[in-house]
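Tertiary structure, described
Below are the chains, spelled out letter by letter.
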Amino acid sequence: KSCLALAALAVLVAPVQAQKWRFVVTGDGRSEGKTGRTGDKNGVNVEGMRVLNKAIIAEKPDLYLFSGDLVEGTKTDAAEEVQYQTWMEAMKPVYDTGIKVLPIRGNHEMHCEHPAELWRRMIGGPSGVPSNGPAGEEGLTFAFEYQNALIVGFDQFSSGSDVPKVNQPWLDGVLTKNTKPHVFLFAHKMAFRSGHHVDGMDNDAVARDKFWNSIEAAGGRTYFCGHDHLYDHLAITAPSWPEGKSIHQYIVGTAGAPFYHGEDRAGVNEDWKLTPVSHIEGKLGYAIVDVDGNKVTITYKGQAASGEFEALDTWSYEVPAK
């Protein structure tokens, strides 16, 4: 009888335990390209990636999201293939642990002759990126379900436009079918300007607004990106949203690309209210996303002078169960 009771208890407890997990987010690990920094090799900051990945492995995440600019990029497929090989070598310790790696392209992956085909052959397929994106974006854009979450990674360059684009009809379809309580979205370029670059999604504010409102409608609270080689945490809300409701943009472009400086928020903001939460420059780092049931805690860790990674920013929220 006691064995049966324990078995029944195990059945009840197991789903709860399965909902406690974590993933990490970082991006922009490319080389400098101009000065030939120590630690750079074949388009990748291999030393920065080595240090970062050692710390990330110690965090024991289930998933590792990399938001683009894996490599410096170059004009020929052959030369870029070497750069991709170097990135995969730098990531080998992560893959060897069994951590699921989900990378997407940045603008530096777009310089070679056949960027989409090369990505699919060198990164998209070998790393296990799902091929369930919209037509023409298979292996580039994807939706990935894990535990109690839906994770969507966007390729913003498939349209050929100079403005980063999201396939909104496809996303709307994915979000409409979603049954998971947590929704996490990531891409390379920012939705709202808050650092160094001025070529983000706000260059087409109408499309950006549809994207941002779709996150809110789906119950999402975050958007992760890179492109600016710094850390910036920004809360964005609209006048029509309920009190206390906001979506938080996390720029985590801190995987080793040359550091940028600046806190430029003068983008196309319309009536959106932007509230800066944290802005950190000049540090290697990564965001840890801890999911515990319906609660999410996001912690940014940056490298201290000692070489260790320390928590520098933390925010938590809860979502209603679906």
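Our subject is the structure listed above.
All values derive from a computational prediction rather than experimental measurement. (Residues numbered from 1 in each chain as written. Predicted model: local features only at pLDDT ≥ 70, side-chain atom pairs only at ≥ 80, totals over all residues. Heavy atoms only, no water.)

1. Description of the pattern of salt bridges
Following the criterion strictly, the structure yields 18 salt bridges and no others. Of the charged contacts in the structure, one is a salt bridge between Arg265 and Asp232, with a shortest N-O distance of 2.9 Å. Note that Arg265 is positioned in the loop between β11 (247-252) and β12 (273-280) and Asp232 in strand β10 (residues 231-237), a separation of 33 residues in sequence. Residue Arg265 is classed as buried on the basis of its relative accessible area of 17%. Owing to a relative accessible area of 0%, Asp232 belongs among the buried residues under this scheme. If you follow the salt bridges from partner to partner, you end up with Arg22, Glu59, Asp290 and Lys301 in one network. (Salt bridge = Lys/Arg side-chain N within 4 Å of Asp/Glu carboxyl O. Helix = DSSP H or I, 4+ residues; strand = E, 2+ residues; numbered from the N terminus. Buried < 20%, exposed > 50% of the residue type's maximum accessible area, 1.4 Å probe, protein only.)

2. Observations concerning the sheet that holds strand β8 (residues 182-186)
Taken together, seven strands build an open sheet; the order of strands is β6-β7-β8-β9-β11-β10-β12 and the sheet is mixed. The open sheet has two free edges, formed respectively by β6 (142-146) and β12, since each of these has just one partner strand. Ignoring strand direction, the axes of neighbouring strands in this sheet form an average angle of 20°. For β10 and β12, the ladder comprises seven bridges, and the chain directions are antiparallel. Residue pairing across strands places Tyr231 opposite Ile280, the latter belonging to β12. (Pairing = 2+ DSSP bridges. Axes fitted to C-alpha atoms, helices over the stretch in contact; angles between N-to-C directions.)

3. Let's talk about the side chain of Ser194
By secondary structure assignment, the location of Ser194 is in the loop between β8 and α6 (205-217). Classification of Ser194 as buried rests on a relative accessible area of 0%. In this structure, Ser194 is in contact with Asp228, Asp232, Leu234, Gln249, Ile251, Gly262, Glu263, Asp264, Arg265 and His279, ignoring residues within four places of it in sequence. (Contact = heavy atoms within 4.5 Å.)

4. Focus: α6
With 13 residues, α6 should cover 18 Å at 1.5 Å per step; its first-to-last C-alpha distance of 18 Å lies within 8% of that length. For α6, the full list of buried residues reads Ala205, Arg208, Asp209, Phe211, Trp212, Ser214, Ile215 and Glu216. Following α6 by one or two positions, Gly219 has its phi on the positive side, about 85°. (Expected span 1.5 Å × (residues − 1).)

5. Focus: helix α5 (residues 168-177)
Among all positions of α5, only Gln168, Trp170, Leu171, Val174 and Leu175 are buried. Projection of α5 onto a plane perpendicular to its axis shows the buried side chains occupying an angular sector of 155°, all on one side. Relative to its buried face, α5 has exposed residues pointing more than 90 degrees away, namely Pro169, Thr176 and Lys177. Regarding α5, its N-cap is Asn167, as a side-chain oxygen of that residue lies 3.1 Å from the backbone nitrogen of Trp170 further along. (Arc of directions from axis to C-beta. Polar contact = N/O pair within 3.5 Å; in protein donor to acceptor, adjacent residues only side chain to side chain.)

6. Quick word on the packing of aromatic side chains
Here the structure, examined in full by the defined rule, presents 21 aromatic pairs. Consider the rings of Phe142 and Phe186, whose centres lie 6.1 Å apart with planes at 65°: the pair is edge-to-face. Of this pair, Phe142 sits in strand β6 while Phe186 sits in strand β8; the two residues are 44 residues apart in sequence, bridging distant segments of the chain. The burial state of Phe142 is the same as that of Phe186; both residues are buried. An aromatic cluster of three or more residues is present, and its members are Trp21, Phe23, Phe144, Tyr146, Phe184, Phe224, Tyr231, Tyr250 and Tyr300. Positioned above the aromatic ring of Phe192 is the side chain of Arg208, whose terminal nitrogen or guanidinium carbon lies 4.0 Å from the ring centre. (Phe/Tyr/Trp six-rings, centres within 6.5 Å; stacked < 30°, edge-to-face > 60°. Lys NZ or Arg CZ within 6 Å of the ring centre and 35° of its normal.)

7. Considering unusual backbone geometry
One non-glycine residue, Asp28, adopts positive backbone phi at about 65°. With respect to the element layout, Asp28 can be found in the loop between β1 (20-26) and β2 (40-41). Under the relative-accessibility criterion, Asp28 is labelled buried at 0%. The backbone of Asp69 shows a phi angle near 55°, a positive value even though the residue is not glycine. Among the structural elements, Asp69 can be located in the loop between β4 (63-66) and α3 (77-97).

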